[in-house]
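Read off the chains here:
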Amino acid sequence: MTVDSGSLARAADLLATCSYAIALTGAGVSHESGVPTFRGKSGLWTKIGEPRADGFERFLSDPEGWWKERLFGERDPDIQNLMDKLHAAKPNAGHYAMAELEAMGVLRHVITQNGDDLHRQAGTTSLTEVHGNIYWLRCPACGGRWHEDSLVVDPEALPPWCPEPGCGSPVKTDSVGFGEPVPGAHLQRCELETARADVFMLAGTSAVVYPVAHYPQLAAQRGVPLIEIDPEPTALSDWATVILRGPSGEVLPQLVEAVRERRAA
Ligand code: APR
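Chemist: An account of the sheet that holds strand E2 (residues 107-112) is needed here, citing residue identities and associated values.
Modeler: Strand pairing in a sheet is mediated by backbone hydrogen bonds. Such pairs are either parallel or antiparallel. With respect to topology, 6 strands assemble into an open sheet ordered E3-E2-E1-E7-E8-E9, the strand pairing being parallel. Single-partner strands in this sheet number two, and they are strand E3 (127-129) and strand E9 (242-244). Between one strand axis and the next, the sheet turns by 15° as a mean value, whatever way the strands run. Two elements, E2 and E3, share 3 bridges in a ladder whose sense is parallel. Its bridge partner being in E3, Thr 112 is matched across the sheet by Glu 129. Contacting strand E1 (21-25), E2, E3 and strand E7 (199-203), helix H8 (residues 184-196) runs over the sheet at an angle of about 140° to E3. Of the strands in this sheet, E7, strand E8 (226-229) and E9 are in contact with helix H10 (residues 248-264), which crosses E8 at around 135°.

Structure representation (structure tokens):
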């Protein structure tokens, strides 16, 4: 599909002339990689309801039991399907386009709500995975994070203990569950990047989950233009300076080309 040419031109003008664009992405940017979204008419939470919000409390009170349930317990078939789709997903043209914008020196940081690792696999390096990454583990006590290849979980010796000297607390999966606080280091980086931004892109997010949905509003309140990329209206559409109404896997490559043309002119 070809997105509205006037909107594309305005978005490209903003990106070609800015000095520090950042982006907030959500499940929609991975939709064309086969990953389900959560809200809207075909969303997973729309179908099965949002997960319980006491998972983190259960981890804190019984980390061994939490791990045993996770590794050996019965999983809701829809949640199992989500996990299977997340692990099978590969980056799509939208992820690669955002990595290209970073390589061009245009997109300086990506805040993603997605835990699917696809921005990282596509080549984005300046990245905050604010809700965690499915291939990583984290110590909630000290904030340590390890890729699963470097901190192997032994099903016979649960829970895994934090290897950081002086810590030794139980380690969990990196993903931030409902009711679990977003790690402070991630929020600090989001605040820093939002303060630096002079253009803020929103791609594939309904922008209803806080605290991350707050950052684009903070930027807009100080006059930073928002570019929204989504086939549907979102909670922040009224804040958007430019709206590119279409799938990110098709819109973002067109946007990269339009920015490249302007920078070559
Ligand atoms: N391209 C771009 N956007 C798309 C596409 C697409 N191809 N397909 C769907 N979308 C849009 C939807 O219109 C919607 O606005 O992606 C957005 C997805 O919104 P949600 O399903 O609410 O996902 P997200 O915003 O990432 O949710 C935030 O909620 O449950 C938590 O931790 C979960 O990180 C997630 C957070």
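Once you've had a look at it, read on.
Chemist: Residue-level account of the pattern of salt bridges, with values.
Modeler: If you walk through the whole model with that rule in mind, you get 20 salt bridges. Of the charged contacts, one joins Glu 50 and Arg 39 as a salt bridge, the two residues approaching to 3.5 Å between their closest N and O atoms. Of this pair, Glu 50 sits in the loop between helix H2 (44-48) and helix H3 (55-61) while Arg 39 is found in the loop between E1 and H2, placing the two residues 11 residues apart along the sequence. Given the relative accessible area of 28%, Arg 39 is considered partly exposed. For Arg 245, the salt bridge goes to Glu 228, with nearest N and O atoms at 2.9 Å. Here Glu 228 lies in strand E8 and Arg 245 lies in the loop between E9 and H10, a separation of 17 residues in the sequence. Its relative accessible area of 29% is what places Arg 245 among the partly exposed residues. Salt bridges linked by common partners bring Asp 117, Arg 120, Glu 129, Arg 138, Arg 145, Lys 172, Asp 174 and Glu 180 together as one network.

Chemist: Give a detailed account of the environment of His 31, specifying residues and quantitative values.
Modeler: With respect to the helices and strands, the residue His 31 is situated in the loop between E1 and H2. Given a relative accessible area of 42%, His 31 falls into the partly exposed group.

Chemist: Give a description of the nonpolar core that names residues and reports values.
Modeler: Among the nonpolar cores identified, the biggest contains 30 residues, and Leu 15, Leu 107, Met 201, Ile 227, Ile 229, Leu 244 and Leu 255 are the most heavily contacted of them. Breaking this core down by element, the ones donating at least two residues are helix H1 (5-17), E1, helix H6 (93-103), E2, E7, E8, E9 and H10. Sorting elements by how many residues they give to this core places H10 first, with 6 residues. Among residues more than four places away in sequence, those in contact with Leu 107 are Ala 21, Ile 22, Ala 23, Met 98, Leu 101, Glu 102 and Met 201. In this structure, Tyr 20, Ile 22, Val 130 and Ala 197 belong to the second largest nonpolar core, which totals 19 residues.

Chemist: Could you give an account of the environment of Ser 248, with specific residues and numbers?
Modeler: With respect to the helices, strands and loops of the structure, Ser 248 is situated in helix H10. Using a relative accessible area of 3% as the deciding quantity, one classes Ser 248 as buried. Remark: the alpha-carbon pair of Ser 248 and Gly 204, spanning 44 residues in sequence, is separated by 7.0 Å. Filtering out sequence-adjacent residues up to four positions away, Ser 248 remains in contact with Gly 28, Val 29, Glu 32, Gly 94, Ile 229 and Pro 253.

Chemist: Quick rundown of the site of the ligand? Include the residues and the values.
Modeler: Neighbouring residues of the ligand: 21 residues in total, closest Phe 38, Trp 45, Thr 205, Ser 206 and Asp 230. Gln 113 is positioned with one of its backbone polar atoms (N or O) 3.0 Å from an oxygen atom of the ligand. Between the ligand and the protein, one listed contact pairs an oxygen atom with a backbone N or O atom of Gly 204 at 3.3 Å. For the ligand, whose unbound accessible area comes to 730 Å², protein coverage reaches 91%.

Chemist: Tell me what's going on with the packing of H8 against helix H9 (residues 214-221), and back it up with residues and numbers.
Modeler: Contact pair H8 / H9: the axes reach a minimum separation of 10 Å and the direction vectors enclose 25°. Here H8 is positioned roughly parallel relative to H9, judged by the angle of their axes. Crossing geometry of H8 relative to H9 is assigned as right-handed. Residue-level inspection shows Leu 187, Cys 190, Glu 191 and Thr 194 of H8 in contact with H9, the latter providing Tyr 215, Leu 218 and Ala 219. Its residues assigned to classes, the contact of H8 with H9 shows 5 nonpolar, 1 polar and 1 charged.

Parameters at a glance
Residues numbered from 1 in each chain as written. Predicted model: local features only at pLDDT ≥ 70, side-chain atom pairs only at ≥ 80, totals over all residues. Heavy atoms only, no water. Pairing = 2+ DSSP bridges. Helix = DSSP H or I, 4+ residues; strand = E, 2+ residues; numbered from the N terminus. Axes fitted to C-alpha atoms, helices over the stretch in contact; angles between N-to-C directions. Contact = heavy atoms within 4.5 Å. Salt bridge = Lys/Arg side-chain N within 4 Å of Asp/Glu carboxyl O. Buried < 20%, exposed > 50% of the residue type's maximum accessible area, 1.4 Å probe, protein only. Core = buried A, V, L, I, M, F, W, Y, C linked by side-chain atoms within 4.5 Å. Near = heavy atom within 4 Å. Polar contact = N/O pair within 3.5 Å; in protein donor to acceptor, adjacent residues only side chain to side chain. Areas by Shrake-Rupley, 256 points an atom, 1.4 Å probe, with all protein chains shown as cover. Parallel < 35°, antiparallel > 145°, perpendicular 65-115°, else oblique. Left-handed = near helix turned anticlockwise from the far one by under 90°. Nonpolar A, V, L, I, M, F, W, Y, C, P; charged D, E, K, R; others polar.

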